[in-house]
Amino acid sequence: MRIYTSEVKPEMDGEVVELAGWVHSIRALGKLIFVILRDREGTIQIVAPKQKVGEELFKKIKSLGQEDVIKVKGKVIANEKAPGGVEILPLEVEILNRAVRPLPLDPAEKVPSELDTRLDNRYLDLRKPKIQAIFKIRHEMLKSVRNTFYNEGFIEVNTPKLVVSCTEVGTELFPISYFDKEAFLGQSPQLYKQMLMATGLDRVFEIGPIFRAEEHNTRRHLNEAISIDIEMAFSDDKDAMDILEKVIINACKDVYENREKELNLLGVKIEVPEKIERITYDEALELIKNKVSIEWGEDLSREAEKALGEVMGGYYFITEWPTEIRPFYTMPKEDEPEKCKAFDLMYKDLELSSGAQRIHQYDLLVENIKKKGLSPEGFKYYLEAFKYGMPPHAGWGLGADRFTMVLTGMQNIRECVLFPRDRQRLTP
Ligand code: ATP
Ligand code: MG
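Residues numbered from 1 in each chain as written. Chains lettered and ligands numbered in written order. Predicted model: local features only at pLDDT ≥ 70, side-chain atom pairs only at ≥ 80, totals over all residues. Heavy atoms only, no water.

(A) Broad picture of a nonpolar patch on the surface. Residues Y123, L418 and F419 make up a contiguous nonpolar surface patch of roughly 310 Å² in combined accessible area. Checked against the element boundaries, F419 lands in the segment after α13 (400–408). Under the relative-accessibility criterion, F419 is labelled partly exposed at 39%. (Patch = residues over 30% accessible without salt bridge, like charges linked within 9 Å, V, L, I, M, F, W, Y side chains within 5 Å. Areas by Shrake-Rupley, 256 points an atom, 1.4 Å probe, with all protein chains shown as cover. Salt bridge = Lys/Arg side-chain N within 4 Å of Asp/Glu carboxyl O. Helix = DSSP H or I, 4+ residues; strand = E, 2+ residues; numbered from the N terminus. Buried < 20%, exposed > 50% of the residue type's maximum accessible area, 1.4 Å probe, protein only.)

Below, the structure written as structure tokens:
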């Protein structure tokens, strides 16, 4: 039975094992050949002395080149001098496939490549242990997030991504042709999540794509991103923040505890917060007033986010935003309606999530849609759901790709997505 390279231990000295993977590197020194075999879990050294493996097998091994795919049956040899304290003496080698050389990029990373070359040849780029580490951490995060949702009684749902125009945030939509109608790619599951609150499903979550025609190429925007979304009934903004806090802390803890090898490969030290501080929008302006001046009611500029990130460090919430600059469905504060029950979760200067308690009263919602210069007619089906018994509710959307950036220490969001989509890139 095939095992992974990481499962081969010095204690197994003398045992025969089967391994499969890629030729990471090969070095022939006269009558001795060293092959480094790489699989998902690491690498191992295969040592083939001509006089021990025989003429025929020696010739076969000598014919191998970088990135050929092989299966090896061999004897485990404990050797203190070998990397990991073990090496393999091959008994049988099967060449499963050859790689065309020269390779467009070097998975052994002796020669570094530009990000564009790497993304063009992503399947080769992803063979690098460091790049795989990013996606193992992303996987660990998503697994942890799901576990938190299960523990907190959330039901996983999937909402449509082919939608009619329901513009609710500033970013542009992608139009598509839908038979004889115009449709769009969904920019957020927001309106569907809210409609589900009228069903009694009570607590729902969705992990799925959002599509946004972002005008500019930045290090933190993609045109197709993965959003972790929740909506919870009979809840307010504070309840929603409490869940988000748990999601973040548990994910940090799980990555810290279960992905030490990957974090070390990336040279990242992860912070596991004990609790996430909450400051109001007003307090945020106060904290940065000596560096950046923001008029009350304005959104935080990039400079303001950077200044705030320096003061706050780590994870923090910004709460009680001006009602004007949040979407129409955001619940205003009862005592100060110019402020609302919206929040953002930040990591330093990077926005990770936006959320709020939502308006559940039909009349107030219609009024707010009009106030934003939108037409209630366009929201007909959404609004219907508010007529027949909609409970109070709250929720948020957390960018999975952005959260992965934080957990892996990546500066560019493209590093955290297998096949990123940006203004210039639609392939592979
Ligand atoms: P930003 O101001 O950073 O552009 P936003 O406020 O427009 O973000 P929201 O509509 O609040 O984004 O979406 C919720 C979350 O989804 C964001 O906090 C972010 O983590 C993620 N997100 C939104 N747009 C993108 C995008 N284009 N690429 C990657 N992630 C995104
Ligand atoms: Mg936002």
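Anyway, onward from the coordinates.
(B) Geometry of the coordination of the magnesium ion (ligand 2). Ligation of the magnesium ion (ligand 2) by protein atoms is provided by E351 (OE) and S354 (OG), these donors lying 2.2 to 2.3 Å from the ion. The class of E351 is partly exposed, set by a relative accessible area of 25%. (Donors = N, O, S within 2.8 Å, 3.2 Å for Na, K, Ca; no water.)

(C) Geometry of the side chain of K136. Looking at the secondary structure, you find K136 in helix α5 (residues 129–151). Beyond its immediate chain neighbours, meaning those up to four positions away, K136 contacts R40, E41, R259 and E262. (Contact = heavy atoms within 4.5 Å.)

(D) Spotlight on the packing of aromatic side chains. Within this structure, the stated rule accounts for 14 aromatic pairs. With a centroid separation of 4.5 Å and an interplanar angle of 35°, the aromatic rings of F149 and F205 are classed as tilted. Here the residue F149 occupies a position in helix α5, and F205 occupies one in strand β10 (residues 203–211), the gap between them amounting to 56 residues. Clustering of aromatic rings is evident, with ring pairs tying together F149, Y150, F154, F205 and W396. The ring of F34 is capped by R27, whose NZ or CZ atom sits 4.9 Å from the centre of that ring. Over the ring of W321 we find R326, and its NZ or CZ is 4.8 Å from the ring centre. (Phe/Tyr/Trp six-rings, centres within 6.5 Å; stacked < 30°, edge-to-face > 60°. Lys NZ or Arg CZ within 6 Å of the ring centre and 35° of its normal.)

(E) Expanded view of the pattern of salt bridges. Counted according to the given criterion, the structure contains 39 salt bridges. For E286, the salt bridge goes to K289, with nearest N and O atoms at 2.6 Å. What emerges from the salt-bridge pattern is a single network uniting R118, R122, D125, K128 and E415.

(F) Examining α5 more closely. With 23 residues, α5 should reach 33 Å at 1.5 Å per residue; the first-to-last C-alpha distance of 32 Å fits that figure. Looking one or two residues past α5, G153 carries a phi angle of roughly 80°, positive in sign. (Expected span 1.5 Å × (residues − 1).)

(G) Up close: empty space enclosed by the protein. Within the structure shown, the criterion is met by one cavity of 30 Å³ or more. Roughly 30 Å³ of internal volume is contained in the largest cavity. Forming the walls of the largest cavity are K161, P189, E206, G208, P209, I210, S227 and D229. Elements with a minimum of two residues in the lining of the largest cavity: β10 and β11 (224–233). The greatest single-element share of the lining of the largest cavity, amounting to four residues, is contributed by β10. Looking at the lining of the largest cavity, its residues break down into three nonpolar, two polar and three charged. (1 Å grid on protein atoms, 1.4 Å probe; cavity = no way out; pocket = protein on both sides within 12 Å on 5 of 7 lines; lining within 4 Å. Points joined across faces, edges and corners; volume = space filled by probe spheres on them. Nonpolar A, V, L, I, M, F, W, Y, C, P; charged D, E, K, R; others polar.)

(H) Main features of the environment of I359. Mapping I359 onto the fold places it in the loop between β15 (350–358) and α11 (362–371). Sequence spacing of I359 and A394 is 35 residues, and the spatial spacing of their C-alpha atoms is 8.7 Å. If near-sequence neighbours (up to four positions away) are discounted, I359 is found in contact with Q194, F328, Y329, T330, M331, P332, L364, L365, N368, F386 and H393.

(I) Looking closely at the site of ligand 1. Neighbouring ligand 1 are 14 residues, the closest being R212, E214, H221, E351 and L352. L352 is positioned such that a nitrogen or oxygen atom in its backbone is 2.8 Å from an oxygen atom of ligand 1. Against a free-state accessible area of 590 Å², the protein chains account for coverage of 83% of ligand 1. For the shell around ligand 1, the elements supplying multiple residues, two or more each, are β15 and β16 (393–399). Classifying every residue of the shell around ligand 1 gives four nonpolar, five polar and five charged. (Near = heavy atom within 4 Å. Polar contact = N/O pair within 3.5 Å; in protein donor to acceptor, adjacent residues only side chain to side chain.)

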